[in-house]
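Fold and contact review
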Amino acid sequence: MHLCMITLLLGGLAATSQASPFSPRGLSPLGKTVDVRSLMLLMMNDQEDGSGFVDFEMPAFPSCPFGCQCNRKVVQCSDLGLTSVPYDIPADTRLLDLQGNFITEIRENDFKGLKDLYALVLVNNLISKVHPRAFLPLVGLQKLYLSHNRLTTVPRNLPSSLVELRIHDNNIKKIESRTFAGLHKMNCIELGRNPIRNSGLEAGAFDGLNLNFLRISEAKLTAIPKDLPDSLRELHLDHNQIHTIGQEDLTHYGELYRLGLGHNRLRRIEYGGLYYVQSLRELHLHHNLLSSVPAGLPEMKHLQVVYLHSNNISKVEVDAFCPSSFSVKKTFYNSISLYDNPVRYWEVQPATFRCVSDRQAVQLGNYKK
Ligand SMILES: *[C@@H]1O[C@H](CO)[C@@H](O)[C@H](O)[C@H]1NC(C)=O
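This structure is a prediction, so every number in the text was calculated from the model and none was measured.

We now examine the overall build of the protein. Helix and strand counts for the protein come out as three helices and 18 strands. Counting over 369 residues, the protein shows a buried share of 50%. Residue pairs at least 24 apart in sequence account for 50% of intrachain contacts in the protein once pairs closer than 6 positions are excluded. When the accessible surface of the protein is split by element, carbon and sulfur atoms take 50% of a total near 17,200 Å².

Turning our eyes to something else, we now look at the packing of aromatic side chains. A full pass over the atoms with the stated rule returns five aromatic pairs. Relative to Phe 353, the ring of Phe 321 lies with its centre 5.9 Å away and its plane at 35 degrees, an arrangement referred to as tilted. A residue pair is termed long-range when its members are at least 10 positions apart, and Phe 321 in the loop between strand 16 (305-307) and strand 17 (335-337) and Phe 353 in the loop between strand 17 and strand 18 (362-363) qualify at 32 residues. According to the relative accessible area criterion, Phe 321 is buried, its value standing at 0%. Through a chain of ring-to-ring contacts, the aromatic side chains of Phe 321, Tyr 333 and Phe 353 assemble into a single cluster. Above the ring of Tyr 333, the side-chain terminus of Lys 329 is found at 4.2 Å from the ring centroid.

Attention now moves to the UniProt feature "domain: LRRNT" (unreviewed entry) in the protein. Mapped onto the present numbering, the UniProt feature "domain: LRRNT" (unreviewed entry) falls on residues 63-95. Each end of residues 63-95 is marked by a C-alpha atom, and these two atoms are 15 Å apart; helix forms 0% of the span and strand 21%.

Here Asn 264 lies in the loop between strand 13 (258-260) and strand 14 (268-269). In this structure the side chain of Asn 264 is engaged in a polar contact, spanning 2.9 Å, whose partner is the backbone nitrogen of Ile 242. Residues contacting Asn 264, with those up to four places away along its chain left out, are Leu 237, Asp 238, His 239, Asn 240, Gln 241, Ile 242, His 287 and Asn 288.

With that settled, consider the state of the cysteines. All chains considered together, the criterion is met by three disulfides. Linked covalently through their sulfurs, Cys 68 and Cys 77 form a disulfide whose S-S length is 2.2 Å. Its torsion about the S-S bond being 115 degrees, the disulfide of Cys 68 and Cys 77 is classed as right-handed. Across the disulfide from Cys 322 sits Cys 355; the S-S distance is 2.0 Å. Residues Cys 322 and Cys 355 are joined by a disulfide whose S-S torsion is about -90 degrees; by sign, that bridge is left-handed. On the criterion of sequence distance, the pair formed by Cys 322 in the loop between strand 16 and strand 17 and Cys 355 in the loop between strand 17 and strand 18 is long-range, its members being 33 residues apart. For Cys 322, a relative accessible area of 2% corresponds to the buried category.

Turning our eyes to something else, we now look at the environment of Glu 317. For Glu 317, the location among the structural elements is in the loop between strand 16 and strand 17. As for Glu 317 and Val 293, which are separated by 24 residues in sequence, their C-alpha atoms are 8.3 Å apart.

Side chains of nonpolar character tend, in soluble globular proteins, to be buried together. If you look at the biggest cluster of nonpolar residues, it comprises 88 residues, and the most contacted ones within it are Leu 165, Leu 191 and Phe 321. Once residues within four sequence positions are removed from consideration, Leu 165 is found in contact with Leu 144, Leu 146, Val 154, Leu 158, Phe 180, Met 186, Cys 188, Ile 189 and Glu 190.

Proximity of charged atoms lets side chains of opposite charge pair with each other. This model, assessed by the stated rule, comprises 16 salt bridges. Taking the shortest distance from any N to any O, the salt bridge between Asp 319 and Arg 354 comes out at 2.7 Å. With Asp 319 in the loop between strand 16 and strand 17 and Arg 354 in the loop between strand 17 and strand 18, this pair connects stretches of sequence that are 35 residues apart. With relative accessibility at 24%, the residue Arg 354 sits in the partly exposed group. Here Glu 347 ties to Arg 344 by a salt bridge, and the two come within 3.4 Å at their closest N and O atoms.

In this structure, Leu 266 sits in the loop between strand 13 and strand 14. Judged by relative accessible area, which is 0%, Leu 266 ranks as buried. Along the backbone, Leu 266 and His 287 are 21 residues apart, and their C-alpha atoms lie at a distance of 8.7 Å.

We now examine the side chain of Asn 101. By the element assignment, Asn 101 lies in the loop between strand 3 (95-97) and strand 4 (105-106). Its relative accessible area of 3% is what places Asn 101 among the buried residues. Those residues in contact with Asn 101 that lie beyond four places of it in its chain are Cys 77, Ser 78, Asp 79, Leu 80, Gly 81, Leu 82, Asn 124 and Asn 125.

Here we take up unusual backbone geometry. Peptide bonds are trans in most cases, and residues, glycine excluded, mostly fall at negative phi. Backbone geometry at Arg 178 places phi at a positive 60 degrees, although glycine is not the residue there. Tracing the backbone shows Arg 178 in the loop between strand 8 (164-166) and strand 9 (188-190). Positive phi is not limited to glycine here, since His 287 has a value of about 55 degrees. Structurally, the position occupied by His 287 is in the loop between strand 15 (282-284) and strand 16. Classification of His 287 as partly exposed rests on a relative accessible area of 33%.

How each quantity is defined
Residues numbered from 1 in each chain as written. Predicted model: local features only at pLDDT ≥ 70, side-chain atom pairs only at ≥ 80, totals over all residues. Heavy atoms only, no water. Helix = DSSP H or I, 4+ residues; strand = E, 2+ residues; numbered from the N terminus. Buried < 20%, exposed > 50% of the residue type's maximum accessible area, 1.4 Å probe, protein only. Contact = heavy atoms within 4.5 Å. Areas by Shrake-Rupley, 256 points an atom, 1.4 Å probe, with all protein chains shown as cover. Phe/Tyr/Trp six-rings, centres within 6.5 Å; stacked < 30°, edge-to-face > 60°. Lys NZ or Arg CZ within 6 Å of the ring centre and 35° of its normal. UniProt positions renumbered as here; feature names shortened; annotations may be inferred. Polar contact = N/O pair within 3.5 Å; in protein donor to acceptor, adjacent residues only side chain to side chain. Disulfide = S-S within 2.5 Å. Core = buried A, V, L, I, M, F, W, Y, C linked by side-chain atoms within 4.5 Å. Salt bridge = Lys/Arg side-chain N within 4 Å of Asp/Glu carboxyl O.

As structure tokens, then:
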């Protein structure tokens with residue numbers, strides 16, 4: 001499981017538990033907050049022995065920015081009406097929570113000296129400007145959360161220690177060339193809900209980046225971007241305006257095991273369009289305009305999940321999903337959805353699903369979920 005997912009999971013759990021000294025204030029039902037408690041758990045997990053963090057003793061004269069709560073290297077300054085980053089953040093801070101304020105700008109020296117910082121939460125502010133040198137002092141930063149702000153570009157000079165970047169729901173239209181150069185430890189980037197068009201991805205935008213998980217959902221893409229990192233294992237491009245999977249579109253993405261293309265305008269998957277993604281486990285193509293099951297599925301040995309509901313599929317051939325010889329398929333399907341299509345379900349031959357783990361795994365009927 002990816003760290004991105006773990007954060008969400010823990011966030012969900014922690015949000016339901018009772019108030020603790022670390023429960024975030026002002027938890028909004030819109031999911032606009034980051035759960036600091038789950039971040040702390042992650043931080044402890046990420047430390048090899050964990051003891052350095054837990055058994056920390058308070059210094060004799062602790063400093064803490066006015067109005068914030070400081071405890072065990074966690075500095076919480078959320079929902080305080082701050083318009084800028086406080087100047088007196090303790091130098092040994094590991095987690096800095098500034099979410100839900102009115103910060104408009106990150107200045108050059110805002111994070112000066114915070115070399116131990118592990119996670120920086122700036123979600124839900126009014127940030128439109130980040131000084132290009134602002135993140136340079138953060139030599140140990142692993143998690144940077146900038147979602148729900150007003151940024152128009154991804155900040156430059158991100159720390160090479162970074163593992164996770166969330167910059168969802170900003171006003172980013174352009175990813176400049178080599179924005180992520182030198183980030184070799186990245187696991188996950190969340191770029192969804194930004195008005196990014198294909199033309200906004202400059203040549204080499206993702207050069208030099210090693211990455212497992214990328215999400216550019218709810219953007220303005222009309223095609224699958226071709227120059228994303230070839231290390232990607234998960235690519236989520238749902239809720240865009242992508243109309244075709246071209247023959248060459250997925251050439252670089254042979255490591256993908258999850259591909260999300262639901263809620264697009266796919267009418268066509270060119271012959272061979274799925275040829276390069278033979279490691280795929282999950283393919284989400286629901287809520288598109290496809291008129292047939294894509295060609296090439298029977299050859300995909302590891303494919304387990306295919307969502308095709310809410311398309312315009314009027315016929316399902318008996319060999320649409322399964323190879324003619326059982327030995328070809330390494331893993332049987334455990335989920336195929338076909339409901340909400342104009343196909344006459346009673347005409348689909350049962351043998352169509354001969355390589356499915358059990359009958360429950362096929363959602364065929366004309367009901368909507
Ligand atoms: C669905 O497919 C039929 C042909 O099978 C076509 O006439 C119709 O225009 C398609 N609908 C959409 C919304 O593309």
